[in-house]
Amino acid sequence: MGKLVKGLLLGGMVGGAIAGYQAYQRDEPMDLVMEKAVKAAGPAAAGGAVIGFIADRRKRRKMARRRARLGAAISAGGIVEAARAARPAIEQALEVARPRVEQAAEQTREAAAKLAEAARPTIELAAERAKETAARAVGNGHGKAGRTATIRIPLPV
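Keep in mind it's a predicted model, so treat the numbers as computed, not measured.

Caption draft 1: Region of interest: the overall build of the protein chain. Scanning the protein chain from terminus to terminus reveals 3 helices and 0 strands. Residue pairs at least 24 apart in sequence account for 63% of intrachain contacts in the protein chain once pairs closer than 6 positions are excluded. On the protein chain, roughly 12700 Å² of surface is accessible, and the fraction owed to carbon and sulfur atoms is 63%.

Given below as structure tokens:
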């Protein structure tokens, strides 16, 4: 609100000075000159405040537009620059982490192979029992084996 205050003060001073000067030119007594100057300063100050307020708002709008354009340019360019600056650090982190990730992948692969090998007999047994149950259900005259089939799969301990 700097321009509003400046407009208020400047308008009051200019309005009072002009009214005082005009009254002084008419050879009026000094008391009357001061009274007219003070009476004219009020409305002139109000007019200056309005002009200052308008100027202040225009300045704010202009700065907001400028900040928006500058912000868009900085954000677009800033992200690209930040990515360029961060790239060596990211590449170095990847190089440091690569042996650990490869080791973890190898351990996971070995554990999965052991689990698959351990589960193979159980899965084969379950498949064999499912075949037997389905064959029994078909042999009993049931057209659909799924209705009467009960499969019990032993879990490895």
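Structure shown, so let's carry the discussion forward.
Caption draft 2: Region of interest: unusual backbone geometry. A positive phi angle, close to 60 degrees, is found at Asp27, a residue other than glycine. Mapped onto the elements of the fold, Asp27 is located in the loop between α1 (2–25) and α2 (30–139).

Caption draft 3: Focus on the pattern of salt bridges. All told, the structure shown has 8 salt bridges when counted by the stated rule. The salt bridge partner of Lys39 is Glu35, with a shortest N-O separation of 3.1 Å. With a gap of 4 residues between them, Lys39 and Glu35 both fall in helix α2, about one helical turn apart. Residue Glu35 is classed as partly exposed on the basis of its relative accessible area of 39%. Salt-bridge contacts for Glu95 lead to Arg98; the nearest nitrogen and oxygen are separated by 3.1 Å.

Caption draft 4: Broad picture of a positive patch on the surface. Side chains of Arg57, Arg58, Arg60, Arg61, Lys62, Arg65, Arg66 and Arg69 sit close together on the surface and give a patch of like positive charge. By the secondary structure assignment, Arg57 is in helix α2. Classification of Arg57 as partly exposed rests on a relative accessible area of 40%.

Caption draft 5: Geometry of the confidence of the model for the protein chain. Per-residue pLDDT for the protein chain has a mean of 81; in total, 84% of the residues score no lower than 70. Summarising per-element confidence for the protein chain, the mean pLDDT is lowest in helix α3 (residues 145–148) (51) and highest in α1 (85).

Caption draft 6: Looking closely at the environment of Gly42. Structurally, the position occupied by Gly42 is in helix α2. Residues Gly42 and Gly15, 27 residues apart in the sequence, show an inter-C-alpha distance of 8.0 Å.

Caption draft 7: Highlighting α1. Spanning 24 residues, α1 covers 34 Å between terminal C-alpha atoms, matching the ideal 34 Å at 1.5 Å per step. Restricting attention to buried positions, one finds in α1 the residues Gly7, Gly11, Gly12, Gly15, Gly16, Ala19, Gly20 and Ala23. Looking at the residues trailing α1, positive phi occurs at Asp27, about 60 degrees.

Reading the values: rules and limits
- For every chain, the first residue of its written sequence is number 1, and the numbers climb from 1 along that sequence.
- Owing to the predicted nature of the model, reporting of local features is limited to residues with pLDDT of at least 70; listing and counting of side-chain atom pairs is limited to 80 or more, with chain, interface and lining totals taken over all residues.
- Side-chain numbers here rest on the full set of heavy atoms in the structure, without hydrogens or water.
- Secondary structure elements follow DSSP: runs of H or I of four or more residues count as helices, runs of E of two or more count as strands, with numbering from the N terminus.
- Note on definitions: a residue-residue contact is assigned when non-hydrogen atoms from the two residues lie within 4.5 Å.
- Using a 1.4 Å probe, accessible areas were evaluated by the Shrake-Rupley method; residue-level cover was limited to the displayed protein chains.
- Salt bridges are counted wherever a side-chain nitrogen of Lys or Arg sits within 4 Å of a carboxyl oxygen of Asp or Glu.
- Only protein chains enter the accessibility calculation, which uses a 1.4 Å probe; a residue whose area is less than 20% of its type maximum is buried, one above 50% is exposed, and one in between is partly exposed.
- Each patch is built from salt-bridge-free residues with over 30% relative accessible area, joining like charges within 9 Å and nonpolar side chains (Val, Leu, Ile, Met, Phe, Trp, Tyr) within 5 Å.
- Residues counted as positive are Lys and Arg, residues counted as negative are Asp and Glu, and His and the chain ends are not counted.
- Charge placement uses NZ in Lys and CZ in Arg. For Asp and Glu, CG and CD serve respectively.
- On a scale of 0 to 100, pLDDT captures the predictor's confidence in every residue.
- In this analysis, the expected span of each helix is defined as 1.5 Å times one less than the number of residues it contains.

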